[in-house]
Amino acid sequence: MRECRRPQEASEDLGKDAHGLQPVGPRNEIVSTHESEGHTAASVAPWGAWISPAGPRALSAPLLERYSSFVIPRANVEELARAHAALEEPTTAAIWIHRARPEAWLVEVIPTMAPDEHADEPVFLNPGAGFRFPLAIIAGNRASLEAALRRNTDLARAVADGDVVVDAGDAQPLLELARQLAA
Amino acid sequence: MSDPRLRAWLRQARADWNAGQADGIGPCHRRYWLQQACEKGIKALGLILWRGHAAEDGLFRHYFLARHSPLRHLATEVAGDPAVPRSLRLVLRELQAELAKLDGAGVLKRVDATTPTMDPTDVSYRYPFQSAEGVDVAPIDWTEAEWDAYQGNAAGVIGAIDRFLRAVDNRRIAARA
């Protein structure tokens, strides 16, 4: 996992606009942490989006909803997840979590992946030429992801609150397990 | 990814593509430069996507940047290697997904799989090889039709790589904005 910087450190580096939002820097090393959700992963917005220094959770719910739908349209996430499901080693479940974040966070079941005790650690990718948003992918085979949900209740809550964008049989059981664990 | 480094990859990819359009060269040379342009474009896109931990940069170079046919290499030869980090595997998947979106006909993936090789039984752009009938063939002997069957229709390959390089360069420019 990438090294995190605390929000106050990031805000020392970058100015804020009139709305108290700060620009993401050119190499995008600015970070918002999500400790309120138990996550410490760096959130980076390489395409130059604007994020609150305290992270998207600091925004009011209606504004948050508008902001997130502006930043990453569901259709784009769905298209990407379907592309992953069409690969030679297909994704059989994709759940979009943390929908308010500037990256597209996808939890993906990939049956061909080897067992992984660290399946809950996201892999971050920059925006590409096709899918033009940064990505954070939590991927593993179903058993590894189920174990990850049991270990990581924050992840379980996020998945329970997630949006299923691909389900070839593995998404619903994962979602149900997450809901049990999050209850 | 530093922009000068990425630009260097893309400049060389475009130079290779231009070399593939030159007058008076044999079809094998044309096809070789087109394969090189495609390979460098894919590596440039990989550089754009890559955001792995700094400790994994060496593995990214080893398994991806330093290889011919980087997609095929990652997908086949290193798929079962436990030393390959998850980040690299997921970059490969993302590259595959990106190419599927940018090049629905699969031309780029096909070109990527035509690796320059020294194996005498593999078709080569640069070295003599043995045909399926056991005949020794110099690449310069092959006709356009034979190269079409191996790499894909020349005009289609030229167009697909051109569009791909433009898309990758546009992404680079957008990332700087």
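Residues numbered from 1 in each chain as written. Chains lettered and ligands numbered in written order. Predicted model: local features only at pLDDT ≥ 70, side-chain atom pairs only at ≥ 80, totals over all residues.

Looking at the pairing of strand 8 (residues 135-140) of chain A
A regular strand places its side chains on the two faces of the sheet in alternate fashion.
Residue and element names in this part refer to chain A.
Part 1: Taken across its six residues, strand 8 has six buried, putting it largely inside the fold.
Part 2: Residues L135, I137 and A139 of strand 8 are buried on one face, and the alternating residues A136, I138 and G140, pointing to the opposite face, are buried as well.
Part 3: Sheet topology places strand 6 (residues 104-109) next to strand 8; six bridges connect them, and they run parallel. Looking across to strand 8, one finds that V107 is bridged to I138.
Part 4: As judged from the three bridges shared by strand 7 (residues 123-125) and strand 8, these two strands associate in the antiparallel manner. The residue of strand 8 that forms the bridge with F124 is A136. (Buried ≥ 20, exposed ≤ 12 C-beta atoms within 10 Å, placed from the backbone. Helix = DSSP H or I, 4+ residues; strand = E, 2+ residues; numbered from the N terminus. Pairing = 2+ DSSP bridges.)

Observations concerning the confidence of the model for chain A
Detail in the predicted coordinates should be disregarded across regions flagged by low pLDDT.
Part 1: Here chain A shows a mean pLDDT of 74. Residues at 70 or above account for 62%.
Part 2: Ignoring residues within four places in sequence, the model shows residues 1-59 of chain A, a span with pLDDT below 50, making 95 contacts including any to other chains. (pLDDT = per-residue confidence, 0-100. Contact = placed C-beta atoms within 7 Å.)

Concerning the pairing of strand 5 (residues 93-97) of chain A
All names here are of chain A.
Part 1: The buried fraction of strand 5 amounts to five of the five residues, a majority that puts the element mostly inside the structure.
Part 2: Burial along strand 5 is two-sided: A93, I95 and I97 facing one way and A94 and W96 facing the other are all buried.
Part 3: Sheet analysis places strand 5 next to strand 6, joined by five bridges and oriented antiparallel. Its bridge partner being in strand 6, I97 is matched across the sheet by W105.

Structural notes on unusual backbone geometry
Residues and elements named next belong to chain A.
Part 1: If you check the backbone angles, H98 has positive phi at about 50 degrees while not being a glycine.
Part 2: The residue H98 is located in the loop between strand 5 and strand 6 in this model.
Part 3: Taking the number of C-beta atoms within 10 Å as the measure of exposure, H98 has 24 and is therefore buried.

Examining the interface of chain A and chain B
Part 1: Taken together, the contact between chain A and chain B spans 19 residues of the former and 24 residues of the latter.
Part 2: Elements that contribute at least two residues to the side of chain A that touches chain B include exactly helix 3 (74-85), strand 7 and strand 8 of chain A.
Part 3: Among the residues forming the side of chain A that touches chain B, the class breakdown is twelve nonpolar, five polar and two charged. (Nonpolar A, V, L, I, M, F, W, Y, C, P; charged D, E, K, R; others polar.)

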